[in-house]
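Working through the structure, step by step
Chain by chain, the residues run as shown.
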Amino acid sequence: MKPLITLTLFLLTFTAFAQKPCEYSTNVNDSIGTYKVTNEYMVSEKYFGGTFNYIFFSLAQTDGLPTLNLQLIQKSKDFMKASCFDKNSKIFLQLENGKIVTLMHINQESCGTLIRDDKGFDNRVNTGIFMFMKDNYEELKKSPISIMRIKYLTSTEDFIVKSDLTSELNGKVYHPNTYFIENIRCVE
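Scope of this entry: the structure provided in the associated data block. (Residues numbered from 1 in each chain as written. Predicted model: local features only at pLDDT ≥ 70, side-chain atom pairs only at ≥ 80, totals over all residues. Heavy atoms only, no water.)

**Observations regarding the overall build of the protein**
The number of helices and strands found in the protein is 2 helices and 13 strands. Out of the 188 residues belonging to the protein, those deemed buried represent 39%. Taking the contacts inside the protein whose residues are at least 6 apart along the sequence as the reference set, 57% of them involve residues at least 24 apart. Accessible surface computed for the protein: about 11300 Å², of which carbon and sulfur atoms make up 57%. (Helix = DSSP H or I, 4+ residues; strand = E, 2+ residues; numbered from the N terminus. Buried < 20%, exposed > 50% of the residue type's maximum accessible area, 1.4 Å probe, protein only. Contact = heavy atoms within 4.5 Å. Areas by Shrake-Rupley, 256 points an atom, 1.4 Å probe, with all protein chains shown as cover.)

See below:
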């Protein structure tokens, strides 16, 4: 009877702590190399004065090198200031354990693309690719994020990273503060 109870407890514990499988939007492995990208994940959503701002993360691995893809989407009928990325752009992540993790932008300037939709909104989509620093990469696996700072070409913007984010865009519930804890293994 004891072995049966022990086995049941072990199986219940194992399934409770099992990690969800990695989901990729792109997963290519050919003679040139490997490339895989996780699905986009909303980490910030802000609506103020008729302007919508969304930030999505996805993790990528190119021939063994992990990177973070950040997609910034702005939507407004009013004038929108461009938030450009350049070689000096960075993402600073303050973790709940007090440590700060810095990600460096690749050497490519990008101010995004402006698209006007049929409802009269201007939509700016900008994507930046950021590299992890090897000295603090491991910290992202251990502690949730509390604050994110993005340094653009001409400005800096801070975001409080929530533990639960219910999106007004699609109604889904996201957990942005534990994004790296749950997903960084997908690109290792």
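**Brief notes about the packing of aromatic side chains**
As enumerated under the stated definition, the model contains 12 aromatic pairs in all. Ring plane angle 90° and centroid distance 5.0 Å describe the contact between Tyr41 and Tyr174, whose orientation is recorded as edge-to-face. Highlighted residues: Tyr41 in strand E3 (residues 41-48) and Tyr174 in strand E13 (residues 173-174), separated in sequence by 133 residues. Both residues of the pair, Tyr41 and Tyr174, count as buried. (Phe/Tyr/Trp six-rings, centres within 6.5 Å; stacked < 30°, edge-to-face > 60°.)

**Observations concerning the pattern of salt bridges**
Side chains bearing opposite charge may pair, as long as their charged atoms lie close to each other. Summed over all chains, the structure comprises 7 salt bridges. Residues Lys46 and Glu157 are paired through a salt bridge, measuring 3.1 Å at the closest nitrogen-oxygen approach. Here Lys46 is found in strand E3, whereas its partner Glu157 is found in strand E11 (residues 156-160), with 111 residues between them in sequence. Assessed through its relative accessible area of 24%, Glu157 is described here as partly exposed. One salt bridge in this structure joins Glu139 and Lys99, with 3.3 Å as the shortest N-O distance. Taken together, the residues Glu139 in the loop between strand E9 (122-132) and strand E10 (145-151) and Lys99 in the loop between strand E6 (90-95) and strand E7 (100-105) connect sequence positions 40 residues apart. Owing to a relative accessible area of 42%, Lys99 belongs among the partly exposed residues under this scheme. One connected set of salt bridges, linked through shared partners, spans Lys99, Glu139 and Lys142. (Salt bridge = Lys/Arg side-chain N within 4 Å of Asp/Glu carboxyl O.)

**Quick notes on the nonpolar core**
Residues Leu68, Met148 and Phe180 are the most contacted members of the largest nonpolar core, which totals 33 residues. Of all the elements, strand E4 (residues 51-62) adds the most residues to this core, at 5 residues. Not counting residues within four places of it along the chain, the set of residues in contact with Leu68 comprises Phe57, Ser58, Leu59, Ile91, Leu103, Gly128, Ile129, Phe130, Phe132, Tyr179 and Phe180. (Core = buried A, V, L, I, M, F, W, Y, C linked by side-chain atoms within 4.5 Å.)

**Comments concerning the state of the cysteines**
For the structure shown, the criterion picks out 2 disulfides. Across the disulfide from Cys22 sits Cys186; the S-S distance is 2.0 Å. Here the disulfide of Cys22 and Cys186 is left-handed, its torsion about the S-S bond being about -85°. With Cys22 in the loop between helix H1 (2-16) and strand E1 (24-29) and Cys186 in the segment after helix H2 (179-183), the pair connects residues that are 164 residues apart, well separated along the chain. A residue is classified by how much of its surface remains accessible, and Cys22, at 26% relative accessible area, is partly exposed. Here Cys84 connects covalently by a disulfide to Cys111, the sulfurs 2.0 Å from one another. A torsion of 115° about the S-S bond marks the disulfide between Cys84 and Cys111 as right-handed. Pair noted here: Cys84 is in the loop between strand E5 (65-76) and E6 and Cys111 is in the loop between E7 and strand E8 (113-116), with a separation of 27 residues, a long-range link. (Disulfide = S-S within 2.5 Å.)

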